[in-house]
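Descriptive analysis of the structure
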Amino acid sequence: MTEDLWPLVFLFIVVLALEAAMLGLSWVAGEKRVGRAGLEPFESGIVPVGNARMRMSMRFYVVAILFVIFDLEAVFLIAWAVAFREAGWFGYVTMLVFVFVLTVALIYEWKRGALDWGPRDRSTRN
């Protein structure tokens, strides 16, 4: 049993050595002076512009949610494609229903204007 663990122990030691080497090299070769931008609490050292509490359009959130939904669709399609033969006809019909529901959702979002980024006329709101 202990002979099987030696590669894992060796890998752990190599990873620790690489981490120590990278941290040490960055400490030796890194820049020592800190500017005003480096002391800012956010923006990765870039001087922030504007207020962090700026109001954003709801469209950004809608697009982000749509991206997550259709990204998950891709994950399910890939998992189904891997297990295509094992799933059989039942899996095929189930995936057809899944894709149909997501297509209907996409058409609904498209008709509601969630994918329109042009300026809106305020008199024609839904």
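Parameters and conventions
- Residues numbered from 1 in each chain as written.
- Predicted model: local features only at pLDDT ≥ 70, side-chain atom pairs only at ≥ 80, totals over all residues.
- Heavy atoms only, no water.
- Helix = DSSP H or I, 4+ residues; strand = E, 2+ residues; numbered from the N terminus.
- Buried < 20%, exposed > 50% of the residue type's maximum accessible area, 1.4 Å probe, protein only.
- Contact = heavy atoms within 4.5 Å.
- Polar contact = N/O pair within 3.5 Å; in protein donor to acceptor, adjacent residues only side chain to side chain.
- Expected span 1.5 Å × (residues − 1).

Right, let's talk about the overall build of the chain for a bit. A tally of helices and strands in the chain yields three helices and zero strands. Listed N to C, the secondary structure of the chain is α-α-α in terms of helices and strands. Taken across its 126 residues, the chain has 7% of its residues classed as buried. Across the chain, the fraction of contacts at a sequence separation of at least 24, relative to all contacts at a separation of at least 6, is 47%.

Position of Ser-26 among the secondary structure elements: in helix α1 (residues 2-29). Of note is the side chain of Ser-26, whose polar atom sits 2.9 Å from the backbone oxygen of Leu-23.

This next bit is on helix α2 (residues 58-82). In this model, α2 (25 residues) spans 37 Å end to end at C-alpha, consistent with the 36 Å of a helix rising 1.5 Å per residue. Turning to α2, its buried residues are Arg-59, Leu-66 and Glu-73. Check the buried side of α2 and you find it contacts α3 (84-112).

Geometry only, nothing functional implied.
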